[in-house]
Amino acid sequence: MTYDLVVIGSGPGGYVCAIRAAQLGMKVAVVEKMKTLGGTCLNIGCIPSKALLYASEMFDEAAHGLAPLGVVVSPPKLDLPGMMKHKDVTVAANVNGVAYLFKKNKIDWVSGEGRIAAPGRVTVKGAEGKESTLETKAIVIATGSDVARLPGVQIDEKTVISSTGALSLASPPKKLIVVGAGVIGLELGSVWRRLGSEVVVVEFLDHVLTGMDSEVARFMQRTLEKQGFAFHLGHKLAKVEATGAGVKATIEPAAGGEAKTLDADVVLVAVGRRPFTEGLGLEALGVKTERGQVVVDAHFATNVPGIYAIGDVIRGPMLAHKAEDEGVAVAELLAGQAGHVNYGAIPAVVYTSPEVASVGKTEEELKAEGVAYVVGKFPFTANGRARAMRHTDGFVKILADAATDRVLGGHIVGFGAGEMIHEIVVLMEFGGSSEDLARTCHAHPTMSEAVKEAALAVAKRAIHI
Ligand SMILES: Cc1cc2nc3c(=O)[nH]c(=O)nc-3n(C[C@H](O)[C@H](O)[C@H](O)COP(=O)(O)OP(=O)(O)OC[C@H]3O[C@@H](n4cnc5c(N)ncnc54)[C@H](O)[C@@H]3O)c2cc1C
């Protein structure tokens, strides 16, 4: 049998691509080397981290957030195995859900490691070394990414861990050093800080959350410091040595200067992720890569006819929903439709407390591009629902084009920011203006009223401030 499409990798890019292609009438197989479907995101990324973030937030809330609401409980006790079980059950429900969707859409899951022998031919090495060959009209590479490592720093997943190890520590380390103040470092640092660890973050750059609007990043740094995080910004990890009791980390100023040593029980290396293409045979095929990324054109085609790539393995933000949208787009393009991804309206969320969510341009980007813009801002301290829930930390910031009023960016720090951002995303998809948003009726009392007020603030007519 010849498949219409063979997808290599079953992460959010690969599995969504397969389902959309099957919906469009294609005969599809997905090759996956992990024991379960769903890739990094469902197994060791988005889903387990969010299960632990939610559970640890509830633990923290029970300890500190309920008494001011007049709810008196005994100090909560941590049942870490119970929390890990919640994470495992959540992961299982999600990965089994993908297996169900594959059956429903008659997609073949071929278990093993895929290699592209030639355009139109994928060989799969199964668990017992048994090799099979799949013939296909098109191949989509969706092999995702892997943890980025630091030279000379060995990850043993015990005392020097990656994000994967940080999702299943047996007990909260007394002291945790997080290397990297990006999304993953701050999220997983938050989990263990809430569960009792002292968390020290070492970051090469002079700010946290690179790529986010700098006002948002500064706000989050201050907020996390209030929560007990300590930051060594402008520092790099030089070496980690095992001591009997834990680890000794040597850090140096990024700009050069005197080294310091920090003792800790565990070091979490969270310096990013790198595209994963090992074992695919790309070099032999002549598939072009750049800095490890598979190079694709606007239609996700590589330079070799019949071979496409999507998700973390290509350019763009390493986000699950970006991979999913690319999966849909490439399936539609293969079916002769006009699949498309609007890279200007991809939201990004940091699931700290409060959450951070953003879409479109930051102020720094607009300045660099020389675009004249107007800022509309509204703080949650002036929002009735936020007060009622004692979630007044944060603000909404809308950036609109000074000449046309078209919304160019939206940034929210606040409780539920990751949900609230989507009205700005939809607005931007439709090329909407701040006035469109400001004239849209918002239910009262909701946190989302702050989004409307920020849009009103663009024209200096916010009501509640
Ligand atoms: C701790 C953590 C938290 C995260 N949280 C979020 C979040 O909240 N929101 C968000 O948007 N993103 C998050 N991400 C990022 C997100 O997981 C990725 O952007 C997303 O998984 C990329 O999807 P993908 O389909 O490109 O690749 P992946 O999900 O990495 O899947 C690739 C799959 O390909 C398989 N594979 C690789 N090579 C082969 C081969 N030769 N043969 C067969 N199979 C192969 C792999 O086993 C894997 O299953 C997080 C990541 C981490 C690590």
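## Some points on the overall build of the protein chain
Logical step 1: For the protein chain, the count of helices and strands is 14 helices and 24 strands.
Logical step 2: Its C-alpha atoms give the protein chain a radius of gyration of 23 Å, within 12% of the compact-globule value 23 Å for 465 residues.
Logical step 3: The C-alpha extent of the protein chain, read off along each of the three principal axes, is 65 × 60 × 50 Å.
Logical step 4: Within the span of the protein chain, comprising 465 residues, buried residues form 52% of the whole.
Logical step 5: Excluding contacts between residues fewer than 6 apart, the proportion of contacts in the protein chain whose partners are at least 24 apart in sequence is 62%.
Logical step 6: Carbon together with sulfur atoms contributes 54% to the accessible area of the protein chain, which is approximately 21,200 Å² in total.

## As for the sheet that holds strand β11 (residues 230-233)
Logical step 1: Judged by pairing direction, the sheet is parallel, and its 5 strands sit side by side in the order β8-β15-β9-β10-β11 without closing on themselves. The sheet is open, and its two borders are formed by β8 (160-161) and β11, each paired with just one other strand.
Logical step 2: Summarising the sheet, strand β10 (residues 198-203) and β11 pair through 4 bridges and their orientation is parallel. Pairing of E203 across the sheet is with L233, part of β11.

## Points about the site of the ligand
Logical step 1: Around the ligand sit 39 residues, and of these E32, T40, K50, G114 and A320 come closest.
Logical step 2: Residue K50 places a side-chain N or O atom 2.7 Å away from an oxygen atom belonging to the ligand.
Logical step 3: Coverage of the ligand by the protein amounts to 95% of the 1,000 Å² it exposes when considered alone.
Logical step 4: Contributions of two or more residues to the shell around the ligand are made by α1 (12-23), β2 (28-32), α2 (39-44), α3 (46-65), β4 (113-118) and α9 (320-334).
Logical step 5: The dominant element in the shell around the ligand, judged by the number of residues it contributes, is α2, at 4 residues.
Logical step 6: The residue makeup of the shell around the ligand, split by class, is 16 nonpolar, 17 polar and 6 charged.

## What to know about the environment of V458
Logical step 1: Along the polypeptide, V458 turns up in helix α14 (residues 449-458).
Logical step 2: Given the relative accessible area of 9%, V458 is considered buried.
Logical step 3: Along the sequence, V458 and L188 sit 270 residues apart, while their C-alpha atoms lie 35 Å from each other.
Logical step 4: Ignoring sequence-local partners within four residues, the contact set of V458 consists of V374, V375, G376, I398, A400, D405 and S434.

## So, unusual backbone geometry
Most peptide bonds adopt trans geometry, and most residues besides glycine take a negative phi value.
Logical step 1: Residue P354 is bonded to the preceding S353 through a cis peptide linkage, with omega at -5°.
Logical step 2: If you trace the backbone, P354 turns up in the loop between β20 (348-350) and β21 (355-360).
Logical step 3: Of note, the bond from H444 into P445 is cis; its omega dihedral lies within 30 degrees of zero at -5°.
Logical step 4: Note that P445 resides in the loop between α13 (434-438) and α14.
Logical step 5: Backbone geometry places D405, a non-glycine residue, at a positive phi of 75°.
Logical step 6: Within the secondary structure, D405 is located in the loop between β23 (395-401) and β24 (407-414).

Rules behind the numbers
Residues numbered from 1 in each chain as written. Predicted model: local features only at pLDDT ≥ 70, side-chain atom pairs only at ≥ 80, totals over all residues. Heavy atoms only, no water. Helix = DSSP H or I, 4+ residues; strand = E, 2+ residues; numbered from the N terminus. Rg over C-alpha atoms; globule rule 2.2 N^0.38 Å. Buried < 20%, exposed > 50% of the residue type's maximum accessible area, 1.4 Å probe, protein only. Contact = heavy atoms within 4.5 Å. Areas by Shrake-Rupley, 256 points an atom, 1.4 Å probe, with all protein chains shown as cover. Pairing = 2+ DSSP bridges. Near = heavy atom within 4 Å. Polar contact = N/O pair within 3.5 Å; in protein donor to acceptor, adjacent residues only side chain to side chain. Nonpolar A, V, L, I, M, F, W, Y, C, P; charged D, E, K, R; others polar.

Note that all results are geometric; they support no functional claim without further evidence.
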